[in-house]
Amino acid sequence: MPCQRKGAPTVVPWISVREFYWVQSSLFSDDNESVREAYERVLVWQARLGTKTPIAIECTINLIEAKLADNGQLKENHLAKLFSLALVRSITLITHSMQSGGALTPMQVLARQSGIPEWIVQFRHDTSHSVGSPSFSLAKAGVYFMISWLKDNFWDVYVPQPVSAIDEPLDYSAEDDIRDLLLAFQQQQFQTFLSGQGPSKKLKKTLKKLTDRLKSEDSRSVLFCQMKLCT
């Protein structure tokens, strides 16, 4: 798996190959709602993997989160910082994962060998060592380039064969749904706590999904069976 953390075993967080295909397709869709749904699914993967999350997936989360934030609700200076942070963190993680033993290879060299433009590395350097406001246009261009780079170098490489049923809805069991919604809710609740702000729309939406799922007949059956097993 490209951009895998060194020394970490290969752990697959997706429920099925179909789920991976669906996420791969939706993440790079032109439809923002599809992108958001795929992003939330990848957050569940991250919650499952914890510190074993592949760097490529972690960078995808950072970059897509910045992209989704550009929805007209935040001021440009706030977006500039958000995009810059995502770009700086992603470049740092990716180039660090490419280091081999012995003497460190300059970041510019690693980036050049990987097809990452030098101006992005320079932007990372300038942003990391400057107290001024970063350029939003440059940060945005860098984020969009790196999203495309990750698609070409991770997502498309890891799943090279097309799937005809790529857009079919996934058929999860009630237990899978409840577990994944709980993981997503816990992670979003933690992010809300860190931000110091009130519950986000995403958190409320996840809570509603979880509540609706728990009300369903098959979910009650799952919970009943689990209680019987625990007694």
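Residues numbered from 1 in each chain as written. Predicted model: local features only at pLDDT ≥ 70, side-chain atom pairs only at ≥ 80, totals over all residues. Heavy atoms only, no water.

As recorded by an unreviewed UniProt entry, the protein chain carries the name Ribosomal biogenesis protein LAS1L and is attributed to Holothuria leucospilota.

## Things to note about the packing of helix H3 (residues 55-69) against helix H4 (residues 76-97)
Two numbers describe how H3 lies on H4: the axes approach to 9 Å, and their chain directions differ by 165 degrees. Taken as axis vectors, H3 and H4 run roughly antiparallel relative to one another. For H3 against H4, the interelement crossing comes out left-handed. Counting all contacts with H3, which are made through Ile55, Glu58, Cys59, Asn62, Leu63, Ala66, Lys67 and Ala69, the residues of H4 involved are Leu79, Leu82, Phe83, Ala86, Leu87, Arg89, Ser90, Leu93, Ile94 and Ser97. Here the residues of the contact of H3 with H4 sort into twelve nonpolar, three polar and three charged. (Axes fitted to C-alpha atoms, helices over the stretch in contact; angles between N-to-C directions. Helix = DSSP H or I, 4+ residues; strand = E, 2+ residues; numbered from the N terminus. Parallel < 35°, antiparallel > 145°, perpendicular 65-115°, else oblique. Left-handed = near helix turned anticlockwise from the far one by under 90°. Contact = heavy atoms within 4.5 Å. Nonpolar A, V, L, I, M, F, W, Y, C, P; charged D, E, K, R; others polar.)

## As for the nonpolar core
Counting 44 residues, the largest nonpolar core has Met146 and Trp155 as the members making the most contacts within it. Counting residues per element, the ones that place at least two in this core are helix H1 (17-27), helix H2 (32-49), H3, H4, helix H6 (118-128) and helix H7 (136-158). With ten residues, the top contributor of residues to this core is H3. Other than its neighbours up to four places away in sequence, methionine 146 contacts Leu63, Leu87, Ile91, Ile94, Ile116 and Ile120. (Core = buried A, V, L, I, M, F, W, Y, C linked by side-chain atoms within 4.5 Å. Buried < 20%, exposed > 50% of the residue type's maximum accessible area, 1.4 Å probe, protein only.)

## Considerations on the packing of H4 against H6
Viewed as axis vectors pointing N to C, H4 and H6 meet at an angle of 115 degrees, and their least axial separation amounts to 10 Å. The angle between H4 and H6 places the two elements in the roughly perpendicular class. With respect to the hand of their crossing, H4 and H6 are arranged in left-handed fashion. Residue-level inspection shows Ser84, Leu87, Val88, Ile91 and Thr92 of H4 in contact with H6, the latter providing Ile120, Phe123, Arg124, Thr127 and Ser128. Considered class by class, the residues forming the contact of H4 with H6 number five nonpolar, four polar and one charged.

## Notes on H6
Among all positions in H6, only Ile120, Val121, Phe123 and Arg124 are buried. Seen along its axis, H6 keeps its buried residues to an arc of 155 degrees; they face one direction. Buried residues belonging to H6 abut H4, helix H5 (107-114) and H7. (Arc of directions from axis to C-beta.)

## A closer look at the packing of aromatic side chains
Applying the stated criterion to the full structure yields six aromatic pairs. Taking the centre distance of 6.3 Å and the plane angle of 70 degrees together, the rings of phenylalanine 28 and tryptophan 155 count as edge-to-face. Highlighted residues: phenylalanine 28 in the loop between H1 and H2 and tryptophan 155 in helix H7, separated in sequence by 127 residues. An aromatic cluster of three or more residues is present, and its members are Phe20, Phe28, Trp45, Phe154 and Trp155. (Phe/Tyr/Trp six-rings, centres within 6.5 Å; stacked < 30°, edge-to-face > 60°.)

## Regarding the pattern of salt bridges
Evaluated as defined, the whole model comprises four salt bridges. Note that glutamate 19 and arginine 41 form a salt bridge whose closest N and O atoms lie 3.2 Å from each other. Of this pair, glutamate 19 sits in helix H1 while arginine 41 is found in helix H2, placing the two residues 22 residues apart along the sequence. Residue glutamate 19 is classed as buried on the basis of its relative accessible area, which comes to 0%. Given a relative accessible area of 13%, arginine 41 falls into the buried group. For lysine 140, the salt bridge goes to aspartate 70, with nearest N and O atoms at 3.0 Å. Here aspartate 70 lies in the loop between H3 and H4 and lysine 140 lies in helix H7, a separation of 70 residues in the sequence. For lysine 140, a relative accessible area of 28% gives the class partly exposed. What makes aspartate 70 partly exposed here is its relative accessible area of 27%. (Salt bridge = Lys/Arg side-chain N within 4 Å of Asp/Glu carboxyl O.)

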